[in-house]
Amino acid sequence: MGFNVTNSIKTSSDGVWQGENTLHYAFPLLIIQTTLVVFLSRLLAFLLKPIRQPKVVAEILAGIMLGPSAFGRNKTFTHWIFPSWSTPILECVASIGLLFFLFLVGLELDLNTILKSGKKAVGIAFAGISLPFLFSIGVAFVLRKVIKGIDSVGYGEFFLFIGVSLSITAFPVLARILAELRLLTTQIGEMAMAAAAFNDVAAWILLALAVALAGGGGVHHSPLISLWVLLSGFGFVVFMFLIIRPIMIWVAQKSSSGNNNIVEESYICLTLAGVMLFGFMTDFIGIHAIFGAFLFGLIIPKNGDFSERLILRIEDFVSGLLLPLYFASSGIKTDISQIHSDRAWGLVVLVVSTACAGKVLGTFIVGIMLCAMPMREALALGFLMNTKGLVELIVLNIGKEKKVLDDETFAILVIMALVTTFITTPIVMAIHKSSSTQEPQLEKTQKKTEKQNNHRILACLRGPRDARALINLVESLRSDKNNNNYASITKLYVMRLVEFTDRLSSIMMVRRARKNGFPFIGRVLCRDDAIDQVGAAFEAYSVLGRVMVRPGMAISGLSDLHEDIIHVAEKKRVELIILPFDKYWQMEGDEEVEIHAGHGWRMANERVMSQARCSVAVVVDRGLQLINNGMRICIVFFGGADCRKALEIGSRMVEHPAIRVTLVRFNYYGSTNFDEVERTLDDSTIAEFKMKWGKQILYAEKEENNYNLVNEVLAIGKSGEFELMIVGNNKSKFPQGIMAKLFDEQQLNNSEMGPLPNLLASSGKGIKSSVLVIQQQQQEANFGNSKVASFIDENIV
């Protein structure tokens, strides 16, 4: 049965058993279209992930592929999946997603931050806008001369659309690229984010001006109407700031004052209704609905939980499901086949090169002259500011809707947006990698000539819960004694680990970041009156003893987080990295509940332990008690480099007056994995330790077979006599008998740790002690010698 498009479109069918084709009805077809768009965009994002392309590139490509440039060339595909009668429905749903996405973008931008961004960020943003706009005069002139039919549109509005499309910087896309490159918390990242935020606001103002001048594409349009549109738009902005903003400040305060910071449902509903209402108002004025939604998000206060909770409520549905439909509707309008001649491809090269030259050159010059940036950083910043994306597509779609851009010009500018965004990551990676490898020889010399009296520790934490055990461990390692007439000072580098995802709220987390790191930790994680508990704890601890606290953060995807940790460890020349275990335990009534941080965190720990050039410690926290109450520590010594490093760390703890240390050495049968050199080193290490601390420690030596050794170790952990057990990792260092016993216990499930530490970190065994698992650094990689094992001197810098 054929489908008559002249009939009224029905929402849903009666089903295939009634003889009806569900693809001839609006709602079932929309489901198929949405599923196809989401699947294709996610597939392309997965394929482009190895080359670190932002998700927006995959979404733009997915939209183009579904249009007449690829799949749409098949008439059957277009007839069944994207028939012409379904286009308005698809665009309406996509426009709703776009409306709320622009509201979310407004929520991400903080006006106070933009106003306080400083002269440098403003100068970079101004140069990144003005120079492309200047170049766009010539580009617009060439396009009007070469492409037929464009000269029917007024030069003013055509020039404005070309200028905005060439000068815009996509703030959300830039944030994700910076996160992929692990540059968010660097100087260049902070500068790029501040300049892009200012650029975003300026671009929206220019776009509003372009829309007001464009009207209906120049047909039956007088300058007086454009003037009325601009005056109405200005009045709307004044109304939003003077009337709506105070109301939203009151709503934000009321919503955050309830019990448990729960936002009342009515406030959420009214806010979401406001997005639609203010979008309608700007559309009624004659600008575009997205401006009302964006401005509404911009005026909502950012200093409380209200904006964050709004984002958490709607961002996944909007950005994950509705927004890809906008790319699909844009792709349907993009026909690459329109660019078929050498002349047309010459225009593509002209537009792409002009866009890159304007942005990069303007930013590069201001970066060197105004900001005194190194040439490589200024060049990288220029390419970062050249990032396009969804905002670019919005500009182009509005231009096409207003009939300012024809099909060929639209396709050329879409390719420009795709190319400029695609090249950003590889070029910045090449520039940044090249500059980072050129370490001055002076710094290398300084490493050797500095006073050898400081302990340097890099302690990583995921949240406030990790801070307690971390402070206790560092305090236990702090020495009160002098070394060679110099005070032994512990330098503690605290790194907050933040997983950056594709969620828009990740950008808000970045915006809240501060150089000292602590206000960021408090606001994101605590969300109550004690938002700075973590920062206050470390600040207070730093004045208790000779401990210098240097906070920071790493914002990256879990797959790349280990690179940040290792980079900071090498840059700060630390001797020990402390990592939190990927799970912890808490009591719920009489039952111990195990909580997993996630497989990605475990993999991050494993990569650090396998690649770090310094020693690594993993903390298995079972409620480590406060150091002021005293701490009982048991060092379990099996032998090998890891255990010798554990003994060295334990040696520092003996010096602390509130700590009692017990050393238990296991001599077990069948230990063929340890050769004579290892045994000699073990014996000499134990002898030296006993000679130095014999009167201050308890020492026990046990001869055990393979079976009893496992039970003895478990017994120590179950006894409750020790708050902390220190063990060497000793991965793959045990004889087959012990390995078989552990396989029987089914405990070899944490691949980053050795068999016995893994057993102590397991749940369901009744173990009460916290565990510190030590892994010695790779000696050959660090020092280039062939010794089997050696201690890191306590005074290494």
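Residues numbered from 1 in each chain as written. Predicted model: local features only at pLDDT ≥ 70, side-chain atom pairs only at ≥ 80, totals over all residues. Heavy atoms only, no water.

Side note on the overall build of the chain
Stated formally: Put simply, DSSP marks the helices as runs of H or I at least four residues long and the strands as runs of E at least two long, and each gets a number from the N terminus on. Only protein chains enter the accessibility calculation, which uses a 1.4 Å probe; a residue whose area is less than 20% of its type maximum is buried, one above 50% is exposed, and one in between is partly exposed. Contacts: residue pairs with any heavy atoms within 4.5 Å of one another. Every accessible area reported is derived by Shrake-Rupley at a probe size of 1.4 Å, with residue values counting cover from the shown protein chains alone.
A count of helical and extended segments in the chain gives 30 helices and 14 strands. When each of the 797 residues of the chain is scored for burial, the buried share is 55%. Contacts spanning at least 24 positions in sequence make up 80% of the contacts within the chain whose residues lie at least 6 apart. Summing over all exposed atoms, the chain offers an accessible surface of approximately 34500 Å²; the carbon and sulfur share of this is 59%.

A short note on the state of the cysteines
In plain terms, the rule: Here, two cysteine sulfur atoms that lie within 2.5 Å of each other are counted as a disulfide.
This model, assessed by the stated rule, comprises 0 disulfides. Lacking any disulfide linkage, Cys-614 is separated from the closest cysteine sulfur, that of Cys-460, by 9.8 Å. Judged by its relative accessible area of 9%, Cys-614 falls in the buried class.

Quick notes on the packing of helix 2 (residues 55–66) against helix 13 (residues 306–333)
We count it as follows: Where helices are involved, their axes are fitted lines through C-alpha atoms of the stretch in contact, as for all axes, and angles between N-to-C directions lie from 0 to 180°. For classification, angles of less than 35 degrees are called roughly parallel, those exceeding 145 degrees roughly antiparallel, those between 65 and 115 degrees roughly perpendicular, and all remaining angles oblique. Each helix crossing is assigned a hand: it is left-handed if the near helix lies turned anticlockwise from the far helix by less than a right angle, otherwise right-handed if that turn is clockwise. Amino acids outside the nonpolar list (Ala, Val, Leu, Ile, Met, Phe, Trp, Tyr, Cys, Pro) and the charged list (Asp, Glu, Lys, Arg) are all regarded as polar, and Gly is one of them.
Between helix 2 and helix 13, the least distance of the axes is 7 Å, while the angle of their chain directions is 45 degrees. Regarding the angle of helix 2 to helix 13, the classification is oblique. Our pair here, helix 2 against helix 13, has a crossing hand that is right-handed. Between helix 2 and helix 13, the residues in contact are Lys-55, Val-56, Glu-59, Ile-60, Gly-63, Ile-64 and Leu-66 and Ser-319, Pro-324, Phe-327, Ala-328, Gly-331 and Ile-332, respectively. In the contact of helix 2 with helix 13, the residues fall into 8 nonpolar, 3 polar and 2 charged.

Structural notes on a nonpolar patch on the surface
Put simply, the rule reads: What goes into a patch is any residue over 30% in relative accessible area without a salt bridge, connected to like charges within 9 Å or, for nonpolar side chains (Val, Leu, Ile, Met, Phe, Trp, Tyr), within 5 Å. For this document, the term salt bridge refers to a Lys or Arg side-chain nitrogen within 4 Å of an Asp or Glu carboxyl oxygen.
A contiguous nonpolar patch, built from Phe-234, Val-237, Val-238, Phe-239, Phe-241, Leu-242, Ile-243 and Ile-247 and spanning about 700 Å² of accessible area, is present on the exposed surface. Mapped onto the fold, Phe-234 is located in helix 10 (residues 223–256). The class of Phe-234 is exposed, set by a relative accessible area of 59%.

A few points about the pattern of salt bridges
Applying the stated criterion to the full structure yields 11 salt bridges. When the shortest N-O distance is used, the salt bridge between Asp-407 and Lys-400 registers 2.2 Å. With its nearest N and O atoms 3.0 Å apart, the salt bridge here joins Glu-712 to Lys-702. Linking Glu-712 in helix 27 (residues 706–719) with Lys-702 in strand 12 (residues 697–704), this pair joins segments that are 10 residues apart in sequence. On the basis of relative accessible area, Lys-702 is assigned to the partly exposed category, the value being 26%. The structure contains a network of salt bridges with shared partners spanning Glu-575, Lys-645, Glu-648 and Arg-652.

Here we look at unusual backbone geometry
Of all residues except glycine, most have a negative phi; of all peptide bonds, most are trans. Its identity as a non-glycine residue notwithstanding, Lys-403 has a phi of 65 degrees, on the positive side. By the element assignment, Lys-403 lies in the loop between helix 16 (390–401) and helix 17 (407–436). Overall, the relative accessible area of 61% leaves Lys-403 in the exposed class. Even without glycine at this site, Arg-573 takes up a positive phi of about 55 degrees.

Thoughts on the packing of aromatic side chains
The geometry of an aromatic ring pair is captured by two quantities: the separation of the ring centres and the angle between the planes. Keep this limit in mind: Two rings from Phe, Tyr or Trp (for Trp, the six-membered ring) form a pair when their centres are within 6.5 Å of each other. A pair whose planes differ by under 30 degrees is stacked, one over 60 is edge-to-face, and the rest are tilted. Whether a charge sits over a ring depends on NZ of Lys or CZ of Arg being within 6 Å of the ring centre and within 35 degrees of the ring normal.
On inspection of all chains with the given rule, the structure shows 8 aromatic pairs. Taken together, a centroid distance of 5.8 Å and an interplanar angle of 25 degrees make the contact between Phe-638 and Phe-666 stacked. Residue Phe-638 is found in the loop between strand 10 (631–637) and helix 25 (641–654), and its partner Phe-666 is found in strand 11 (residues 659–668); the two are separated by 28 residues along the sequence. Assigned by exposure class, Phe-638 and Phe-666 land together as buried. Three or more aromatic residues joined by ring pairs form one cluster here, namely Phe-103, Phe-236, Phe-278 and Phe-296. The ring of Phe-410 carries the charged tip of Lys-400 above its face, separated from the ring centre by 5.5 Å. Lying over the aromatic face of Trp-601, Arg-462 brings its terminal NZ or CZ to 5.6 Å of the ring centre.

Overview of the environment of Leu-143
For Leu-143, the position within the fold is in helix 6 (residues 118–146). In the structure, Leu-143 is positioned 15 residues away from Phe-158 in sequence and 9.9 Å away in space, judged by C-alpha atoms. Excluding anything up to four places from it in sequence, Leu-143 contacts Ile-150, Phe-158, Ile-162, Leu-347 and Thr-409.

As for the side chain of Thr-421
Our working rule: The definition of a polar contact used here is a pair of N or O atoms within 3.5 Å, where within protein one atom must be able to donate a hydrogen and the other to accept one, and adjacent residues in sequence count solely through side-chain atom pairs.
With respect to the element layout, Thr-421 can be found in helix 17. Only 2.8 Å separates the side chain of Thr-421 from the backbone oxygen of Ala-417, close enough to count as a polar contact. Residues in contact with Thr-421, not counting those within four places in the same chain, are Gln-53, Pro-54, Val-56, Val-57, Val-173, Thr-387, Lys-388 and Gly-389.

Some words on the confidence of the model for the chain
To keep things clear, this is the line we draw: Think of pLDDT as the predictor's per-residue confidence, scored from 0 to 100.
Taken residue by residue, the chain gives an average pLDDT of 77. The fraction at 70 or more is 77%. Note that residues 1–6 has pLDDT below 50 and, in this model, 4 contacts with residues that lie over four places away or in other chains.

Side note on the pairing of strand 13 (residues 724–728)
Applied cut-off: Pairing between strands is defined by DSSP: at least two bridges between them are needed.
Burial analysis of strand 13 places 5 of its 5 residues in the buried class, the great majority of the element. Residues Leu-724, Ile-726 and Gly-728 point to one face of strand 13 and Met-725 and Val-727 to the other, with burial holding for every one of them. Alignment of strand 10 against strand 13, held across 4 bridges, turns out to be parallel. Across the sheet, Ile-635 pairs through a bridge with Ile-726, a residue of strand 13. Of the pairings in the sheet, the one linking strand 13 to strand 14 (residues 770–775) comprises 5 bridges and is parallel in character. In the sheet register, Leu-724 faces strand 14, and the bridge partner there is Ser-770.

Describing the pairing of strand 14
Burial runs high along strand 14: 6 of the 6 residues are buried. On strand 14, burial covers both faces: Ser-770, Leu-772 and Ile-774 on one face and Val-771, Val-773 and Gln-775 on the other are all buried. Taken together, the 5 bridges between strand 9 (residues 615–620) and strand 14 define a ladder with antiparallel strand orientation. Bridge assignment links Val-616 to a residue of strand 14, and that residue is Gln-775.

So, helix 26 (residues 676–693)
As a reminder, the rule being used: Each helix should span, by expectation, one fewer than its residue count multiplied by 1.5 Å. Along the arc lie the directions from the helix axis toward the C-beta atoms.
For helix 26, spanning 18 residues, the distance from its first C-alpha to its last is 26 Å, which sits close to the expected 26 Å at 1.5 Å a residue. Within helix 26 the residues assigned to the buried category are Glu-678, Asp-682, Thr-685, Ile-686, Phe-689 and Trp-693. With its buried residues spanning 95 degrees around the axis, helix 26 presents them on a single face. Exposed side of helix 26, more than 90 degrees from the buried face: Glu-676, Thr-680, Glu-688 and Met-691 are the residues found there.

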